[in-house]
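If you want the building blocks of each chain, they are given just below.
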Number of protein chains: 2
Amino acid sequence: MGALNNLFLKMTVAYDGSCYHGFQRQPNGMTVQQKLEEGLAELTGDCVNIAGAARTDAGVHALGQVVSFQLRTSIPVDRMVPALQGKLPCDIVVRDAVEVDEAFHARFSSVGKTYFYRVLNREIADPLRRNYACHIRRELDLHPMQEALDMLVGEHDFGAFQAAGGSARSPVRRLDLAHCKRMDNEIRFVFKGNGFLYHMVRNIVGTVMSVGSREKTLKEFQKIFLDRDRTKAGNTAPAQGLCLQEVFYDQRQYDQACS
Amino acid sequence: MGALNNLFLKMTVAYDGSCYHGFQRQPNGMTVQQKLEEGLAELTGDCVNIAGAARTDAGVHALGQVVSFQLRTSIPVDRMVPALQGKLPCDIVVRDAVEVDEAFHARFSSVGKTYFYRVLNREIADPLRRNYACHIRRELDLHPMQEALDMLVGEHDFGAFQAAGGSARSPVRRLDLAHCKRMDNEIRFVFKGNGFLYHMVRNIVGTVMSVGSREKTLKEFQKIFLDRDRTKAGNTAPAQGLCLQEVFYDQRQYDQACS
């Protein structure tokens, strides 16, 4: 064993959220945060408190969640990924670990994030995608859906799409990309923004799909958005279609992403 | 309740094989066949023995498995799919049900099948695909792999790729398509043939990948194939990458598929 070092680490983590009660530690039910903290404790003996960039809900996935934490360990940083992976279940994968400045915080240092949302849009369910896409049987017209999404780009009060229980002080966020496209029998939404309110992506997707199925007109959609009237928005789209793709800490990388 | 009818049915079924001990009923462990038979029994009270077109292994998936069976029921055929789906877990999906001639048998009436096999070919694992693709870190060169696959097309003795325990009387099969291509970070194999020996696709994929990673030369691959020497072939590729895509009962539809 080498000397104990006090490390400040940033890790990128991918996970299948199907079996977890979300990212953030909570009293009832296993979470991704708890698994990571237990894995780090088992590996190093240190009691770690990790901060996540996004508090993904139960059933929501991540390809590029970022966590930051302080760790006392003799393990060199370049051995951290395989060492920790050995302590984790196969539905959580550590992609990389780098040393960062003490001031770095996975959530507060972030300049933006990308999420995608998958919809299986056909009659028959697909058991292989049941945990990774929302299944919508009714026909969805992408043209008005994209028009609705276009209204959301820019800095706006997204209160219409904020769930009760969100802790954000201000409902103003900036969306830089809000796009949907059809790929075979799937519709894939992509969102890029400087921050997201609680359930914001799922509420946007649910309401935009009600435009695609002609339950709501574009004018009604616009009014809900401008009136910030959560009671009029559509259903919250189910968790399993949502995936946190990437978290950005460099403004230039963020600006170049998905553009 | 209407009158009881004696139906001969053909059903197309998709399933996620991750949680099952394969398709075929067995004493130890839950299988897809057992779930289907139990669902039919619960629905109709009839004790049904279904025949499957392919006996997929534990962990192997299907988008288009076909089953045939005789059923005494008052449920009309056009209500059978939603009625049975209500009795099944969400990792088994009934795609359609049609009446067939008494002589129809899911396995013996089939003229061919297509399988695909997915390989995630990159350094980092993907938790969202862990049950649906085999993860290979080493670089694979597709050019010699496709050359190896080309040798297999036609009618041949596939004994080199037959696992011990197979029940086939003859190891001669006809492969009409054997292809691999790269799609982003995945390699996707497709096989179309008139029949497949036990573990044949997984043994072919395992051995072809050892050509792609330069562990075996094309000449060595050819010798293994021609000598029908199972002991020299590569490892059996893991189950989770394999999926039964479609089963054909019409020669013209089979000839047109994937061509």
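Our subject is the structure that appears above.
Residues numbered from 1 in each chain as written. Chains lettered and ligands numbered in written order. Predicted model: local features only at pLDDT ≥ 70, side-chain atom pairs only at ≥ 80, totals over all residues. Heavy atoms only, no water.

### Section: the overall build of chain A
Assigned secondary structure in chain A consists of six helices and ten strands. By residue count, 53% of the 259 residues in chain A fall in the buried class. A separation of at least 24 residues holds for 71% of the contacts in chain A among residues at least 6 apart in sequence. Carbon together with sulfur atoms contributes 46% to the accessible area of chain A, which is approximately 12,000 Å² in total. In chain A, the 32 positive side-chain charges and the 30 negative ones have mean positions that sit 3 Å from each other. (Helix = DSSP H or I, 4+ residues; strand = E, 2+ residues; numbered from the N terminus. Buried < 20%, exposed > 50% of the residue type's maximum accessible area, 1.4 Å probe, protein only. Contact = heavy atoms within 4.5 Å. Areas by Shrake-Rupley, 256 points an atom, 1.4 Å probe, with all protein chains shown as cover. Lys, Arg positive; Asp, Glu negative; His and termini not counted. Charge placed at Lys NZ, Arg CZ, Asp CG, Glu CD.)

### Focus: the relation of the copies chain A and chain B
Expressed as a screw transformation, the operator carrying chain A onto chain B has a rotation angle of 180° and an axial translation of 0.0 Å, and the superposed copies differ by an RMSD of 0.0 Å. Here the transformation between the copies is reduced to the relation of a two-fold axis. Distance from the rotation axis, computed per C-alpha, reaches its smallest value in chain A at Arg-129 of chain A: 5.1 Å. Interface residue correspondence from chain A to chain B reaches 100%, placing this contact among same-surface, isologous pairings. (Least-squares fit on C-alpha atoms with pLDDT ≥ 70 in both.)

### Some details on the interface of chain A and chain B
Facing 18 residues of chain A, the contacting portion of chain B comprises 18 residues. Here chain A and chain B share an interface that buries about 1,500 Å² over both sides, 74% of which is from carbon and sulfur atoms. Of all residues in chain A, Pro-127, Leu-128 and Arg-130 of chain A bury the most surface against chain B, accounting for 39% of the area lost on that side. For the interface between chain A and chain B, the tally reads two salt bridges. If you look at where chain A meets chain B, you find two residue pairs in polar contact (both at pLDDT 80 or more). Those elements that place two or more of their residues in the side of chain A that touches chain B are β1 (5–15), β3 (61–73) and β4 (92–99) of chain A. With three residues, the top contributor of residues to the side of chain A that touches chain B is β4 of chain A. Tallied by class, the residues present in the side of chain A that touches chain B amount to twelve nonpolar, one polar and five charged. (Buried area = accessible area lost by both parts, 1.4 Å probe. Salt bridge = Lys/Arg side-chain N within 4 Å of Asp/Glu carboxyl O. Polar contact = N/O pair within 3.5 Å; in protein donor to acceptor, adjacent residues only side chain to side chain. Nonpolar A, V, L, I, M, F, W, Y, C, P; charged D, E, K, R; others polar.)

### Here we look at helix α1 (residues 32–44) of chain B
Residue and element names in this part refer to chain B. Taking 1.5 Å as the rise per residue, α1 with 13 residues should run 18 Å; its terminal C-alpha atoms sit 18 Å apart, in good agreement. Inspection of α1 places Val-32, Gln-33, Gln-34, Leu-36, Glu-37, Gly-39 and Leu-40 among the buried residues, and these make up the whole buried set. In this structure, the buried side of α1 is in contact with β1 (5–15), β3 (61–73), α2 (77–85) and β4 (92–99). Gly-45 lies just past α1 and shows a positive phi near 80°. (Expected span 1.5 Å × (residues − 1).)

### Quick look at the pairing of strand β5 (residues 112–121) of chain B
All names here are of chain B. The buried count for β5 comes to ten of ten residues, which makes it a mostly enclosed element. Every second residue of β5 is oriented toward a common face, with Gly-112, Thr-114, Phe-116, Arg-118 and Leu-120 on one face and Lys-113, Tyr-115, Tyr-117, Val-119 and Asn-121 on the other, all of them buried. Judged from the six bridges that link them, β5 and strand β10 (residues 242–248) form a sheet pairing that is antiparallel. Bridge assignment links Tyr-117 to a residue of β10, and that residue is Leu-242. Alignment of β5 against strand β9 (residues 186–193), held across eight bridges, turns out to be antiparallel. Within β9, the position partnered with Tyr-115 by the bridge is Phe-191. Where β5 lies against strand β6 (residues 134–136), three bridges are found, and the strand directions are parallel. (Pairing = 2+ DSSP bridges.)

### Section: the environment of Tyr-15 of chain A
Looking at the element boundaries, Tyr-15 of chain A is found in strand β1. With a relative accessible area of 1%, Tyr-15 of chain A lands in the buried category. Counting along the chain gives 229 residues from Tyr-15 of chain A to Leu-244 of chain A, while the straight-line C-alpha distance between them is 9.7 Å. Filtering out sequence-adjacent residues up to four positions away, Tyr-15 of chain A remains in contact with Phe-23, Val-32, Thr-56, Val-60, His-61, Ala-62, Gln-65, Asp-91 and Ile-92 of chain A together with Pro-127 and Leu-128 of chain B. Side chain to side chain, Tyr-15 of chain A and Thr-56 of chain A meet in a polar contact 2.7 Å long.

### Some remarks on the nonpolar core
Ranked by internal contacts, the top residues of the largest apolar core, which has 70 residues, are Leu-36, Phe-161, Phe-189, Phe-191, Ile-204 and Met-209 of chain A. When residues in this core are grouped by element, the largest group, seven residues, is from helix α4 (residues 200–212) of chain A. When near neighbours in sequence (up to four residues on either side) are disregarded, Met-209 of chain A contacts Val-119, Cys-134, Ile-136, Arg-138, Leu-140, Met-145, Phe-189 and Ala-237 of chain A. Counting residues in hydrophobic clusters, the runner-up holds 68 residues, among them Tyr-15, Leu-40, Ala-53 and Val-205 of chain B. (Core = buried A, V, L, I, M, F, W, Y, C linked by side-chain atoms within 4.5 Å.)

### A look at the pattern of salt bridges
All names here are of chain A. The full count for this structure, using the stated rule, is 28 salt bridges over all chains. The partner of Lys-87 in a salt bridge is Glu-42, with the nearest N and O atoms 3.7 Å apart. Here Lys-87, found in the loop between α2 (77–85) and β4, pairs with Glu-42, found in helix α1 (residues 32–44); they are 45 residues apart in sequence, far enough to count as distant. What makes Glu-42 exposed here is its relative accessible area of 55%. Salt-bridge contacts for Glu-215 lead to Arg-138; the nearest nitrogen and oxygen are separated by 3.2 Å. Of the two residues, Glu-215 sits in the loop between α4 and α5 (218–227) while Arg-138 sits in the loop between β6 (134–136) and α3 (142–152), which places them 77 residues apart along the sequence.

### Examining the packing of aromatic side chains
Residues and elements named next belong to chain A. On inspection of all chains with the given rule, the structure shows 19 aromatic pairs over all chains. An angle of 80° between the planes, with centres 5.0 Å apart, marks the rings of Tyr-115 and Phe-196 as edge-to-face. A residue pair is termed long-range when its members are at least 10 positions apart, and Tyr-115 in strand β5 (residues 112–121) and Phe-196 in the loop between β9 (186–193) and α4 qualify at 81 residues. Across the pair, Phe-196 and Tyr-115 agree in class, each one buried. Here the aromatic residues Phe-158, Phe-161, Phe-221 and Phe-225 are joined through ring pairs into a cluster of three or more. Above the plane of the ring of Tyr-254 lies Lys-192, whose end atom (NZ or CZ) is 4.6 Å from the centre. (Phe/Tyr/Trp six-rings, centres within 6.5 Å; stacked < 30°, edge-to-face > 60°. Lys NZ or Arg CZ within 6 Å of the ring centre and 35° of its normal.)

### Re helix α4 (residues 200–212) of chain B
For α4 of chain B, which comprises 13 residues, the first-to-last C-alpha distance of 18 Å matches the rise-based estimate of 18 Å (1.5 Å per residue) to within 8%. A positive phi of about 70° marks Arg-214 of chain B, the residue just after α4 of chain B.

### Details of the side chain of Ser-213 of chain A
All names here are of chain A. Within the secondary structure, Ser-213 sits in the loop between α4 and α5. Within the local environment of Ser-213, its side chain forms a polar contact with the side chain of Arg-138, the two groups lying 3.1 Å apart. A polar contact of 2.6 Å, which involves the side chain of Ser-213, links it to the side chain of Glu-215. Each residue touching Ser-213, except ones within four places of it in the same chain, is listed here: Arg-138, Glu-139 and Leu-140.

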